[in-house]
Amino acid sequence: MADAALSAAHTLRRLFINQEDALARNLARQLMIYATGAGIRFSDRAAIEEILTKTKPSQHGVRSLMHEVVARDPLAAVWLGNRSET
């Protein structure tokens with residue numbers, strides 16, 4: 001039983017490694033949905049691809065993905081206290 005679980009864990013790990021970009025893309029999409037409270041639009045695809053490009057050197061670490069999502073969100077200035085008074 002333990003050998004089967006270990007084998008399944010190794011198989012899952014290989015799948016994750018082979019699908020690194022797809023997993024990172026999905027996580028970035030989900031983080032953007034969570035951050036904005038809105039669904040992903042066609043116009044958001046370029047931003048997601050840019051996030052993936054910038055986080056590739058860190059192997060799409062969760063912290064890197066989160067930083068890039070917040071930096072691209074239109075509400076980032078409000079969240080970070082950099083809102084310009086008009």
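Here is a short report on the structure shown in this document. (Residues numbered from 1 in each chain as written. Predicted model: local features only at pLDDT ≥ 70, side-chain atom pairs only at ≥ 80, totals over all residues. Heavy atoms only, no water.)

**What to know about the overall build of the chain**
Broken down by element type, the chain carries 5 helices and 0 strands. What you see in the chain, going N to C, is helices and strands ordered as α-α-α-α-α. Expressed as a percentage of its 86 residues, the buried residues of the chain come to 19%. Sequence-distant contacts, at least 24 apart, represent 44% of the contacts inside the chain between residues at least 6 apart. Only carbon and sulfur atoms are counted for the fraction: they give 58% of the accessible area of the chain, which is about 6700 Å². (Helix = DSSP H or I, 4+ residues; strand = E, 2+ residues; numbered from the N terminus. Buried < 20%, exposed > 50% of the residue type's maximum accessible area, 1.4 Å probe, protein only. Contact = heavy atoms within 4.5 Å. Areas by Shrake-Rupley, 256 points an atom, 1.4 Å probe, with all protein chains shown as cover.)

**Section: the nonpolar core**
Residues A24, A28, L31, M32, A35, I48, I51, L52, L65 and V69 constitute the largest nonpolar core, which totals 10 residues. Elements with a contribution of two residues or more to this core: α2 (20-36), α3 (45-55) and α4 (62-72). When residues of this core are assigned to their parent elements, the largest contribution, 5 residues, is made by α2. When neighbours within four sequence positions are excluded, A28 is seen to be in contact with I48, I51, L65 and V69. (Core = buried A, V, L, I, M, F, W, Y, C linked by side-chain atoms within 4.5 Å.)

**Some remarks on the packing of α2 against α3**
With their axes 10 Å apart at the nearest point, α2 and α3 run at an angle of 125 degrees to one another. Put simply, α2 runs oblique to α3. The interaxial crossing formed by α2 with α3 has right-handed handedness. Counted together, D21, A24, R25, A28, R29 and M32 of α2 and I48, E49, I51 and L52 of α3 form the full contact between these two elements. A class-by-class count of the residues in the contact of α2 with α3 yields 6 nonpolar, no polar and 4 charged. (Axes fitted to C-alpha atoms, helices over the stretch in contact; angles between N-to-C directions. Parallel < 35°, antiparallel > 145°, perpendicular 65-115°, else oblique. Left-handed = near helix turned anticlockwise from the far one by under 90°. Nonpolar A, V, L, I, M, F, W, Y, C, P; charged D, E, K, R; others polar.)

**Describing a nonpolar patch on the surface**
Judged by side-chain polarity, L27, V62 and M66 come together as a nonpolar surface patch covering roughly 240 Å² of accessible area. In this fold, V62 is placed in helix α4. On the basis of relative accessible area, V62 is assigned to the partly exposed category, the value being 48%. (Patch = residues over 30% accessible without salt bridge, like charges linked within 9 Å, V, L, I, M, F, W, Y side chains within 5 Å. Salt bridge = Lys/Arg side-chain N within 4 Å of Asp/Glu carboxyl O.)

**Structural notes on the pattern of salt bridges**
Tallied over the full model, the rule gives 3 salt bridges. With a closest N to O distance of 3.2 Å, K56 and D21 form a salt bridge. With a gap of 35 residues between them, K56 in the loop between α3 and α4 and D21 in helix α2 connect regions that are remote in the sequence. Residue classification places D21 among the partly exposed residues on the basis of a relative accessible area of 35%. When the shortest N-O distance is used, the salt bridge between R25 and E49 registers 2.8 Å. Highlighted residues: R25 in helix α2 and E49 in helix α3, separated in sequence by 24 residues.

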